[in-house]
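Structural characterization, general
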Amino acid sequence: IKRIVCVSKAIETNMRNFVDQPEKCMTIYSGVDMTQFDRVIKIDLRKLYSLSDDCVIIGTTAALDNSKDPVTFVNVIKLLYQAGMNAHGLIVGDGPLRADVQNMIEQEGLSKIITLAGFRADVKSLMAGFDYFMLTSIEEGLGTSVLDAFLARTPVVATQVGGIPEMVIHETTGMLAPPRNAEQLANCIRTLHNSPRLRELVVHNALVAVQKFSKEEMAERTNKVYKEVTLHEV
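These notes cover the structure that comes with them. Treat the numbers as computed from the prediction; the structure is a model and nothing was measured.

Regarding the packing of aromatic side chains
The geometry of an aromatic ring pair is captured by two quantities: the separation of the ring centres and the angle between the planes. Per the stated rule, a full pass over the model turns up one aromatic pair. Centre to centre, the rings of Y29 and F213 are 4.7 Å apart; their planes meet at 55 degrees, and the pair counts as tilted. Of the two residues, Y29 sits in the loop between β2 (25-27) and α2 (45-48) while F213 sits in the loop between α8 (196-209) and α9 (215-233), which places them 184 residues apart along the sequence. Residue class for F213 comes out buried when judged on its relative accessible area of 1%.

Side note on the sheet that holds strand β3 (residues 56-61)
A sheet is described by the order of its strands in space; here six strands give the open sequence β5-β4-β3-β6-β7-β8, paired in parallel fashion. In the strand order of this sheet, the two ends are held by β5 (114-118) and β8 (175-177), each with one partner. Strand-to-strand, the axes of this sheet are offset by a mean angle of 20 degrees, without reference to chain direction. In terms of strand pairing, strand β6 (residues 132-135) meets strand β7 (residues 156-159) through three bridges, oriented parallel. Each residue of the ladder has a partner; that of L135, found in β7, is A158.

With respect to a positive patch on the surface
There is a patch of like positive charges on the surface, built from K9, K212, R221 and K224. One can find R221 in helix α9. On the accessibility criterion, R221 (34% relative accessible area) is partly exposed.

Some thoughts on the pattern of salt bridges
Within this structure, the stated rule accounts for seven salt bridges. The salt bridge partner of E108 is K78, with a shortest N-O separation of 2.7 Å. Of this pair, E108 sits in the loop between α4 (98-107) and β5 while K78 sits in helix α3 (residues 70-82), placing them 30 residues apart in sequence.

What counts and what doesn't
Residues numbered from 1 in each chain as written. Predicted model: local features only at pLDDT ≥ 70, side-chain atom pairs only at ≥ 80, totals over all residues. Heavy atoms only, no water. Phe/Tyr/Trp six-rings, centres within 6.5 Å; stacked < 30°, edge-to-face > 60°. Helix = DSSP H or I, 4+ residues; strand = E, 2+ residues; numbered from the N terminus. Buried < 20%, exposed > 50% of the residue type's maximum accessible area, 1.4 Å probe, protein only. Pairing = 2+ DSSP bridges. Axes fitted to C-alpha atoms, helices over the stretch in contact; angles between N-to-C directions. Patch = residues over 30% accessible without salt bridge, like charges linked within 9 Å, V, L, I, M, F, W, Y side chains within 5 Å. Areas by Shrake-Rupley, 256 points an atom, 1.4 Å probe, with all protein chains shown as cover. Salt bridge = Lys/Arg side-chain N within 4 Å of Asp/Glu carboxyl O. Lys, Arg positive; Asp, Glu negative; His and termini not counted. Charge placed at Lys NZ, Arg CZ, Asp CG, Glu CD.

Encoded structure:
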């Protein structure tokens, strides 16, 4: 092995603890298509799910598994609703915890404020309709769905784990909170919602920051590593 390429600095730092030659580790961020939302037709989520015009849609695109912690997502929406916000949570994705999450929603009487959309091929069209994007992961290599939200011009609230803080700078490109802390995540949503100026700022800064995560940048840097390794072997 000549190089160990990691998708975030967080992964690189962790990987260095498990290899004999940590200097072989390096970071090349996962890249996304900068044009992916250029031709997306935004879905009217309020019409699709029969929501009021003033409803605040907080969405996520994530697998329903332990690493994404959908239970905390549900708890955040519950807290916001109890505090008086006309909030609706939309989880786009599927996974092994779907039945458990659905049962939790039904048992706690939250069916009117949280929707499990399941797997959707038109996920970009749904994401374009979010008012806020929230990622409640307890572990994450990088979390490219955050980059998608940046490109969709959707304010981001996320947990401070893995590579997420390399994308989301608190109160600059989004808002951060500790994992499994529904109260602080809810506070982040409220802070953004109550400050149009802050929302505008984080969306603008996110659009600037996302440029270094392009698929072209990833390909160029990866190709450079291949060339360096090949040259060294020759």
